[in-house]
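Architecture at a glance
What follows is each chain in one-letter form.
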Amino acid sequence: MSQQTNTHPAMGTWQLGDRTVHRVGFGAMRLTGTAPFDRGVPRDRDRSIGVLRRAIELGVNHIDTAAFYFSATRSANELINRALAPYPEDLVITTKVWPGRDPSGAWWWAAPAQLRGQVEENLRQLGRDHLDVVNLRVPPSRRAGSIGEHFGALAELRDAGLIRHLGISNVTSEQLAEARAIAPVVCVQNPYGIGASGEDRALLRLCGELGLAFVPFFAIAGPGRDAGPAPSDHEAVYAVARAHGVSVAQVRLAWTLQQGPHVLAIPGTGDPDHLAQNMASGALRLSDDEMTLLT
């Protein structure tokens, strides 16, 4: 735990509702295998548990997960439960619902009335009586439509005490406005990184103006998304990495964190060395010229 004092001032903190989290967190998607959703080689169970415990030692107090993060042999939620329960008092676990996967791994999308079952599945796997933050993860096919019925169903579960705070994921600014008219929103979780579109940048700025956390996913992977970073990267990213003596992934994370104090990172890994590098990104400061070059 001694490393926390050295690391956190560079990272800073932000609020998720009434909870304070360090800006570099941890994403659980890659805990179950070298690639998510049964496409890679299964991770060693003890190694994944060790990575989670090491993340806490390095100061992580915000973990992003989901019940649909599982492979044939591993469940991210159950690994988190095994590694960290009883949970540290300051730990915030964020999960997401609307997508689901059946035991065969096939995807399905919940109707509003089915969201309670998904919330209860997360509660059961994590061994908790309430969820700190639940994001409504909007399907790609619904990014231009209303999310009111689904978000309203989650708001009812919040009122019932099953959920402490609500967020939304993979959304537009219009959907953010719709959700905020129904219930308080503490975070927006969208894909974001170097090369982000003008629309994406505008939503990030809007969240800052509203005091909401913006939580980018695929900040390292970029267009590779679930498959991970592409083997080639823009020369400018390599040049900045060489200048600082760090990895390309660290540059991408540092660039993302410098988009605003309200930006929270949730890089995921099952590798202890990559974990240490990701955490060190919070202390990497890119110059104005480097930020402009990368943008």
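Description of the structure in this document. (Residues numbered from 1 in each chain as written. Predicted model: local features only at pLDDT ≥ 70, side-chain atom pairs only at ≥ 80, totals over all residues. Heavy atoms only, no water.)

**Describing the pattern of salt bridges**
Evaluation of the coordinates by the stated rule reveals 9 salt bridges. Close ionic contact of Arg116 with Glu120 constitutes a salt bridge, the shortest N to O distance being 2.9 Å. Of the two residues, Arg116 and Glu120 both sit in helix 4 (residues 115–126), 4 residues apart, roughly one turn of that helix. The class of Arg116 is partly exposed, set by a relative accessible area of 41%. Overall, Glu120 belongs to the partly exposed group, its relative accessible area being 33%. (Salt bridge = Lys/Arg side-chain N within 4 Å of Asp/Glu carboxyl O. Helix = DSSP H or I, 4+ residues; strand = E, 2+ residues; numbered from the N terminus. Buried < 20%, exposed > 50% of the residue type's maximum accessible area, 1.4 Å probe, protein only.)

**Details of the side chain of Asn190**
Locating Asn190 in the fold gives a position in the loop between strand 10 (187–189) and helix 7 (198–210). The class for Asn190 is buried, based on a relative accessible area of 2%. Only 2.9 Å separates the side chain of Asn190 from the backbone oxygen of Val171, close enough to count as a polar contact. (Polar contact = N/O pair within 3.5 Å; in protein donor to acceptor, adjacent residues only side chain to side chain.)

**Remarks on the pairing of strand 5 (residues 92–97)**
Summarising burial for strand 5: 6 of the 6 residues are buried, a large majority. Across the two faces of strand 5 the burial is the same, with Val92, Thr94 and Lys96 and Ile93, Thr95 and Val97 all buried. The handedness of the strand 4 (residues 62–64) to strand 5 crossover, carried by helix 3 (residues 76–84), is right-handed. Bridging between strand 5 and strand 8 (residues 131–137) involves 4 bridges; their strand directions are parallel. Directly across from Lys96, in strand 8, lies its bridge partner Asn135. (Right-handed = clockwise from strand over helix to strand, strands pointing away. Pairing = 2+ DSSP bridges.)

**Notes on the pairing of strand 9 (residues 163–169)**
A large share of strand 9 lies buried, amounting to 6 of its 7 residues. The pairing of strand 8 with strand 9 spans 6 bridges and is parallel. Bridged to Leu131 within strand 9 is Ile163.

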